[in-house]
Amino acid sequence: TVGLRCRHCAHLPEKPRGAVIYPKSLSQIYQAVRNFQRFHFFSCAEVPDDVKEKMRSFGPKKEQSKPKSAEYWIQSSRDVLGLVDIEENVNEHGSSK
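Residues numbered from 1 in each chain as written. Predicted model: local features only at pLDDT ≥ 70, side-chain atom pairs only at ≥ 80, totals over all residues. Heavy atoms only, no water.

**Considerations on helix H2 (residues 49-58)**
What sets the pattern is the α-helix's 3.6 residues per turn: residues three or four places apart point alike.
Consideration 1: With 1 of 10 residues buried, H2 is to be regarded as a mostly surface element.
Consideration 2: Positive phi appears at glycine 59, one or two residues downstream of H2, with a value of about 60°. (Buried < 20%, exposed > 50% of the residue type's maximum accessible area, 1.4 Å probe, protein only. Helix = DSSP H or I, 4+ residues; strand = E, 2+ residues; numbered from the N terminus.)

Quick look at the structure:
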């Protein structure tokens, strides 16, 4: 299983809501990251203010459509990270667990 977590609050014994996510498939990675950005990142007390400001400075990218963005995440997960979908969840290439 592949999970994503907030590096800023990973050290806390009790993680704030949305700090750790486990997308069930490659196609869900895009939405999982979007949810992380919307519901955790800016409310996480451990993320430094300058990092939040940097993220805000990027602003929304209107020229990039959701289907195109989602496909980018799927392709990058496969090509760059070597992730594959299996019946139960997302896994590293060649891993049987």
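From this point on, the discussion continues.
**Some points on the packing of aromatic side chains**
Consideration 1: Tallying each qualifying case throughout the model produces 3 aromatic pairs.
Consideration 2: Pairing phenylalanine 41 with phenylalanine 42 gives two aromatic rings, centres 5.0 Å apart and planes at 85°, and the pair type is edge-to-face.
Consideration 3: Taken together through their ring pairs, the aromatic side chains of Phe36, Phe41 and Phe42 make up a single cluster. (Phe/Tyr/Trp six-rings, centres within 6.5 Å; stacked < 30°, edge-to-face > 60°.)

**Considering the nonpolar core**
Consideration 1: One finds Cys6, Cys9, Ala19, Ile21, Ala32, Phe36, Phe41, Cys44 and Val47 forming the largest nonpolar core, which totals 9 residues.
Consideration 2: In this structure, cysteine 6 is in contact with Ala19, Phe36, His40, Cys44 and Val47, ignoring residues within four places of it in sequence.
Consideration 3: Counting 6 residues, the second-largest nonpolar core is a separate cluster that includes Val2, Ile29, Val33 and Ile74. (Core = buried A, V, L, I, M, F, W, Y, C linked by side-chain atoms within 4.5 Å. Contact = heavy atoms within 4.5 Å.)

**A closer look at helix H1 (residues 29-39)**
Consideration 1: Every buried residue of H1 is accounted for by Ile29, Tyr30, Ala32, Val33 and Phe36. Here the buried residues of H1 occupy an arc of 170° about the axis, which is enough to place them on one side. (Arc of directions from axis to C-beta.)

**So, the environment of histidine 11**
Consideration 1: Turning to its location among the elements, histidine 11 is positioned in the loop between strand S1 (4-5) and strand S2 (20-21).
Consideration 2: Residues histidine 11 and glutamate 46, spaced 35 residues apart in sequence, show a C-alpha to C-alpha distance of 9.8 Å.
Consideration 3: At 3.4 Å, the side chain of histidine 11 forms a polar contact with the backbone oxygen of histidine 8. (Polar contact = N/O pair within 3.5 Å; in protein donor to acceptor, adjacent residues only side chain to side chain.)

**Structural notes on the pattern of salt bridges**
Consideration 1: Following the criterion strictly, the structure yields 1 salt bridge and no others.
Consideration 2: Glutamate 53 is paired through a salt bridge with arginine 56; the nearest N and O atoms lie 2.9 Å apart. Of this pair, glutamate 53 and arginine 56 both sit in helix H2, separated by 3 residues, roughly a single helical turn.
Consideration 3: Owing to a relative accessible area of 47%, glutamate 53 belongs among the partly exposed residues under this scheme.
Consideration 4: Exposure remark for arginine 56: the relative accessible area of 45% places this residue in the partly exposed category. (Salt bridge = Lys/Arg side-chain N within 4 Å of Asp/Glu carboxyl O.)

**Here we look at the environment of arginine 34**
Consideration 1: Assignment of secondary structure puts arginine 34 in helix H1.
Consideration 2: Look at arginine 34 and you get partly exposed, because its relative accessible area is 28%.
Consideration 3: Here the side chain of arginine 34 touches glutamine 37 through a polar contact of 2.7 Å, side chain to side chain.

**Points about the layout of surface pockets**
Consideration 1: Put simply, the second largest pocket is a space of about 390 Å³.
Consideration 2: What lines the second largest pocket is a set of 20 residues, and nearest its centre among them are Leu4, Arg5, Val33, Phe36 and Trp73.
Consideration 3: Among the secondary structure elements, those contributing two or more residues to the lining of the second largest pocket are S1, H1 and helix H3 (66-79).
Consideration 4: A per-class count over the lining of the second largest pocket returns 15 nonpolar, 3 polar and 2 charged. (1 Å grid on protein atoms, 1.4 Å probe; cavity = no way out; pocket = protein on both sides within 12 Å on 5 of 7 lines; lining within 4 Å. Points joined across faces, edges and corners; volume = space filled by probe spheres on them. Nonpolar A, V, L, I, M, F, W, Y, C, P; charged D, E, K, R; others polar.)

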